[in-house]
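Analysis of the macromolecular model
Chain by chain, the residues:
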Amino acid sequence: MHNMQHGSGEQLMADRRCGQRSPAVREPLRWCAAVLLVFLVGAPKIIAAPAATPTPAGALRAAIVDLSITFGDRYPDGKTYLARLDALARRIDKSGPTDASRRELETLRREALLANPLVRDQPILFVARPQYRPDHHNTATMFQTGEINTGSFRGGAALKTIDFGRGGKVTTLLDVPEGIVRDPDVHFDGKRVLIALRHNRDDDYHLYEINADGGELRQITFGAGLSDIDPIYLPGGKIVFSSTREPKYCQCNRHIMCNLFLTDSNGKQIEQIGHSTLHEGHASLLDDGRVIYDRWEYVDRNFGDAQGLWAVNPDGTNHAIAYGNATRSPGGVLDARAIPGTELIVATFSSCHDRPWGALAVIDPRKGTDGEPPVVRIWPASARDLIDKGNYDTFKRVSPKYEDPFPLSERYFLCSRTVGKGELVGIYLLDVFGNEILLHSEGAGCFDPMPLAARLTPPAIRSRVKPDSRVGYFYVADVYRGSGMNKIERGTVKSLRIVEVPEKRHWTQQAWMGSGTQAPGMAYDDFNNKQIIGTVPVERDGSVYFSVPADTFVYFQLLDERGMMVQSMRSGTIVRPGETVGCVGCHEKQQQTVGRDGPLLAMSRPPSEPAEWYGPPRKFSYTQEVQPAFDKHCVSCHDYGKPAGEKLNLAGDLGLIFNTSYSQLRGKNYVRVVGAGPANVLEPKSWGSHASPLAKVLAKGHGDAKIDRQVKLDRESFDRIVTWIDINAPYYPDYASAYRNHRYGRSPLDPRQLGRLSQLTGEKLTDQRLSDHISFTRPELSPCLTPLAKKNEAAYREALAIIQAGKKMLEERPRADMPGFQYIGVEAEREERYRAYQESGGAGKRKDATRE
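An account of the accompanying structure is given in this report. Along each chain, residues carry numbers from 1 onward, in the same order as the chain's sequence is written. Local features in a predicted model are, by the rule used here, given only for residues with pLDDT of at least 70; side-chain atom pairs are given and counted only at 80 or more, and totals for whole chains, interfaces and linings are based on all residues. To get the side-chain values, take all heavy atoms of the structure and skip hydrogens and water.

Some points on the overall build of the protein chain
Per the secondary structure count, the protein chain includes 16 helices and 35 strands. Each principal axis of the C-alpha distribution contributes one length, and for the protein chain these read about 100 × 65 × 65 Å. Per-residue burial over the protein chain gives 61% buried out of 852 residues. Any two residues having at least one pair of non-hydrogen atoms within 4.5 Å are treated as being in contact. Long-range pairs, those at least 24 residues apart, make up 64% of the contacts in the protein chain with a sequence separation of at least 6. Averaged over its 110 positive side-chain charges, the protein chain has a centre that lies 3 Å from the centre of its 104 negative ones. Note on conventions: DSSP H or I runs of at least 4 residues are helices, E runs of at least 2 residues are strands, and numbering of each starts at the N terminus. When accessible area is computed with a 1.4 Å probe and restricted to protein chains, residues below 20% of their type maximum are described as buried, those above 50% as exposed, and intermediate ones as partly exposed. By the counting rule applied here, Lys and Arg register as positive and Asp and Glu as negative, while His and the ends of each chain are not counted. Taken as the charge centre is NZ of Lys, CZ of Arg, CG of Asp or CD of Glu, depending on the residue.

Focus: the sheet that holds strand E14 (residues 307–312)
Read across the sheet, 4 strands follow the order E12-E13-E14-E15 without closing on themselves; strand pairing throughout is antiparallel. Two strands lie at the open edges of the sheet, namely strand E12 (279–285) and strand E15 (320–323), each paired on one side alone. Each adjacent strand pair in this sheet contributes to an overall mean axis angle of 35 degrees, direction not counted. By the bridge criterion, 5 bridges tie E12 to strand E13 (residues 291–296) in an arrangement that is antiparallel. Note that in E13 the partner of serine 284 across the bridge is isoleucine 292. In short, DSSP must find at least two bridges between two strands for them to pair. Where helices are involved, their axes are fitted lines through C-alpha atoms of the stretch in contact, as for all axes, and angles between N-to-C directions lie from 0 to 180°.

A few points about the nonpolar core
Only buried residues count toward a nonpolar core. Its members are Ala, Val, Leu, Ile, Met, Phe, Trp, Tyr and Cys residues joined through side-chain atoms within 4.5 Å. Counting 83 residues, the largest nonpolar core has Leu159, Leu174, Val181 and Ile195 as its most contacted members. Here valine 181 is in contact with Val127, Arg129, Ala157, Ala158, Leu159, Leu174, Val176, Ile195, Ala196 and Leu197, once residues within four sequence places are set aside. Core analysis: the next-biggest nonpolar cluster, separate from the first, contains 75 residues, Met564, Tyr670, Leu694 and Tyr744 among them.

Considerations on the packing of helix H4 (residues 78–95) against helix H5 (residues 99–114)
As a packed pair, H4 and H5 sit with axes 11 Å apart at the nearest point and diverge in direction by 170 degrees. Of the possible angle classes, the one that applies to H4 and H5 is roughly antiparallel. Contact with H4, carried on its side by Tyr81, Arg84, Leu85, Leu88, Arg91 and Ile92, involves Ser101, Glu104, Leu105, Leu108, Glu111 and Ala112 of H5 and no other residues of that element. Residue polarity is assigned by list, with Asp, Glu, Lys and Arg as charged and Ala, Val, Leu, Ile, Met, Phe, Trp, Tyr, Cys and Pro as nonpolar; anything else, Gly included, falls into the polar class. Class assignment of the residues belonging to the contact of H4 with H5 gives a composition of 7 nonpolar, 1 polar and 4 charged. Note on angle classes: values under 35 degrees are labelled roughly parallel, values over 145 roughly antiparallel, values of 65 to 115 roughly perpendicular, and the remainder oblique.

Describing the pattern of salt bridges
The working definition used for a salt bridge is a side-chain nitrogen of Lys or Arg within 4 Å of a carboxyl oxygen of Asp or Glu. Per the stated rule, a full pass over the model turns up 49 salt bridges. The closest approach of N and O atoms between aspartate 364 and arginine 366, which form a salt bridge, is 2.9 Å.

Describing the pairing of strand E25 (residues 471–476)
Only one face of E25 is buried, namely the one carrying Gly472, Phe474 and Val476, since none of Val471, Tyr473 and Tyr475 on the opposite face is buried. One ladder, built from 6 bridges, connects E25 with strand E30 (residues 544–549); its direction is antiparallel. When the bridges of E30 are listed, glycine 472 appears paired with valine 548. Where E25 and strand E33 (residues 580–583) come together, 4 bridges link them in parallel fashion. Looking at the pairing, valine 476 lines up with cysteine 583 of E33.

Considerations on the sheet that holds E33
Each strand in a sheet pairs with its neighbour through backbone hydrogen bonds, running either in the same direction (parallel) or in the opposite one (antiparallel). Here we have 3 strands laid out as an open sheet, ordered E30-E25-E33, and mixed in their pairing. Two strands bound the open sheet, and with one partner strand each, they are E30 and E33. Averaged over neighbouring strand pairs, the angle between their axes works out to 25 degrees when direction is ignored.

A word on the packing of aromatic side chains
Side-chain rings of Phe, Tyr and Trp, where Trp is taken by its six-membered ring, are said to pair if the distance between their centres is within 6.5 Å; with planes under 30 degrees apart they count as stacked, over 60 as edge-to-face, and otherwise as tilted. This model, assessed by the stated rule, comprises 31 aromatic pairs. Centre to centre, the rings of tyrosine 75 and tyrosine 81 are 5.8 Å apart; their planes meet at 55 degrees, and the pair counts as tilted. An angle of 70 degrees between the planes, with centres 5.0 Å apart, marks the rings of tryptophan 613 and tyrosine 614 as edge-to-face. Using a relative accessible area of 9% as the deciding quantity, one classes tryptophan 613 as buried. The structure contains a cluster of three or more aromatic residues connected by ring pairs, namely Trp512, Tyr524, Tyr622, Phe658, Tyr662, Trp724, Tyr731, Tyr732 and Tyr744. Whether a charge sits over a ring comes down to the Lys NZ or Arg CZ being within 6 Å of the ring centre and within 35 degrees of the ring normal. Just above the ring of tyrosine 205 sits the side chain of arginine 182; from NZ or CZ to the centre is 5.1 Å. Residue placement shows arginine 505 over the ring face of tyrosine 834; its charged tip is 3.6 Å from the ring centre.

Details of helix H13 (residues 751–761)
Turning to H13, its buried residues number three or more, namely Gln753, Leu754, Leu757, Ser758, Leu760 and Thr761. Buried residues along H13 cover an arc of 165 degrees about the axis, so they all sit on one side. The exposed set on the far side of H13, more than 90 degrees from its buried face, consists of Pro751, Arg752 and Gln759. As used in this structure description, the phrase polar contact means that two N or O atoms lie within 3.5 Å; if the pair is within protein, one of them must be able to donate a hydrogen and the other to accept it, and residues adjacent in sequence are counted only when both atoms belong to side chains. Two to three positions downstream of the cap, the backbone nitrogen of arginine 752 sits 3.1 Å from a side-chain oxygen, assigning the N-cap of H13 to aspartate 750. Positive backbone phi, at 75 degrees, marks glycine 762, one or two positions downstream of H13. When we speak of the arc, we mean the arc of directions from the helix axis to the C-beta atoms.

Section: the pairing of strand E3 (residues 169–176)
With 7 bridges connecting them, strand E2 (residues 157–163) and E3 associate as antiparallel partners. Its bridge partner being in E3, lysine 160 is matched across the sheet by threonine 172. Hairpin connection, E2 to E3: the antiparallel pair is bridged by 5 residues, and glycine 167 has positive phi, about 75 degrees.

Comments concerning helix H11 (residues 693–700)
Buried within H11 we find Leu694, Ala695 and Leu698. Down the axis of H11, the sector holding all buried residues measures 95 degrees, keeping them to one side. Seen from the open side of H11, the exposed residues pointing more than 90 degrees away from its buried face are Lys696 and Lys700. Just past H11, the residue glycine 701 takes up positive phi, approximately 85 degrees.

Thoughts on the packing of H11 against helix H12 (residues 715–726)
Each pair of packed helices can be described by the angle between their axes along with the distance between the axes. Interhelical geometry of H11 versus H12 gives an angle of 165 degrees and a closest axis separation of 10 Å. With respect to their mutual orientation, H11 and H12 come out roughly antiparallel. H11 and H12 meet at a crossing whose hand is left-handed. Residues Leu694, Ala695, Leu698 and Ala699 of H11 touch H12, and the partners they reach there are Phe718, Ile721, Val722, Trp724 and Ile725. Residue composition of the contact of H11 with H12, grouped by class: 9 nonpolar, no polar and no charged. Should the near helix be turned anticlockwise from the far one by less than a right angle, the crossing is termed left-handed; should it be turned clockwise, right-handed.

Re the environment of leucine 414
Residue position: leucine 414 is located in strand E21 (residues 412–418). Sequence spacing of leucine 414 and aspartate 448 is 34 residues, and the spatial spacing of their C-alpha atoms is 8.9 Å. Discounting residues that sit within four places of it in the chain, leucine 414 has contacts with Ile124, Asp404, Pro405, Phe406, Leu408, Tyr428, Leu429, Leu439, Pro449, Met450 and Pro451.

Take it as geometry only, folks, not as evidence of what the structure does.
Following this line, the structure appears as structure tokens:
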């Protein structure tokens, strides 16, 4: 049972000394008045938390009054419960609180709240299983076969019901002694249940359907080495679920991720409807037929505070932010559900590096999409102080921990919650009056509580996808509308750049620690690689209308006449085949409308097709796209052994992870980029080429009077450099590695060679700050050799030989920043797996079902 508040008996005592009603009487009357007011004005609403915490007796009284008014004859003993509560209060007034009176109050609370028809009139479905083991992130619960965390899987689960109308009778529908059943969803008719089921550690999760009485278990999806989880029924018979069918990995670590998929009831026609770079999960239906889900993805921002709620049509059109995309804490907003009859949602406020639990919050999206104002209620109440405070793991402090919220109405909620015995989780009933009771706990834990009963079917939304189309369309009404863009003079923005963020298909054990774990190293302080689709013109009224490759995860940047970035998205979007999606402005408030006279100039013509950036779209490689500009204009002075090179070396020599110019520009802060930046929307020109010393020097031109030379870049060279800065200074074009077990997943030297080289040079070359102290292009110019050249010829020759061996390795096996790089070993296998996925259309390889 959940612990009673200390002093509850004392709060029931009457204070007769002043001839006033006791707090135990005054406070319940205020609550009852609030409840009555709700019904007098009509539409029921969430009752906001009171300024003062209600007493246990006051909370119970308010709930009894509410249930009596709401359900009438279906809650026949309301008057009896109130009479018993009054009698208890009188006894305490007379004799003082006792342990017996506290127990009596809790017995009455349980009896009165279990009589709620929303709890009593149908069985409650739940999953009995252990809590998921701790792992890298709240999404890491699949422990898929063949992946990095398979060993964390632990089985032993059952799908059960508990019937409080029959004295709390527990019935097992499906027992999985070596596996896990999870993520149930009850059909609209209440007769069937969707589940994700894994029979044992050697199996993976697939979708199944089971009758509400436990009969006729039927497998729906199939496939080896993939996970299908979080299924929900759609009106019309289709199913939305999350799956790892398109293989992709967490960019800040090494874990397999999911996207949203759509299938028919037999699992034969499977279509991917979400394409973000990381994870899309915990889908549920909104009352209007859309799907709400939690999405974890980060474009040019920190990994930890980039997991909010999004809504989408069931066909994958119109992905839109619902809450939390620019909120620092909680680090994850998960498992959202619509509250019936309202525009509110309830969700779990969790942390990045935690299990999928934390606080429970009721959110009103009409009040905003970020921060504390839209949160109208939260459990525990103290968690309100953590919203948008601290960092992405701040909600790990929450105690007790809640998850799996299910709204029975706008005032009563089921959930799973820790019971005060370590990680043991039970089923709780919460209400907005302040009551919170443990309904049931057993074994290792109880999760996913929901009524096993028929429910209203939301309207079906007709698909807008045109399967034969290869593109979709975006328009922006006015790029000068939105956060900070009013400070930019109209006419400044000349074009819009479209940038793709490819998924991560490969990982290594070795890592570069740049604002998190890059495995392998990708860039100085960001996780993404990029691919420029092209640019489109912005009209003089600020409007823009253009085509984009369908089902491609992209973001947009506004450019001035020199091609320099004015403002940039730091989240991605997709458009489905044939879909048209529009925005009011850039980073505008979601509640804004266009509000302008006359047609948009961009919409008076056909959509613009993106103009290519010096050739067809390709993954951006610093050494191929940017270094040639430095070689052409700068390296004659800015090189090893030259005075200008002492200040800034722009040579293209390959180092342990990056080349020399990249390491120098980033390490010496000549480039001001956002890296893995903050959650909040940044002001225009606050980062990128407009804020970078390098771009300012290049735009102005520079020279040396001593040698009578002035350097002025040609347009293409300038454009290549500022474009690189503005897409957040990426380095590697690919996550695949030629040296996956070596330092940073990139060094051609193995750990033994690098260790010996450190001994010889006296430099700790495993230190990231010294990663540019080796040149594999010109080994004799390696900075780490300079002290040895005059002191110890033997050591110098041995050290030089090690670096030369690294040069030879790169010649024989180029890495991803070099021409001739090829997938080998496990990378080649993963690429083949990805090609097989594309050829299968997402269905996966079908195999015989395993039946219980």
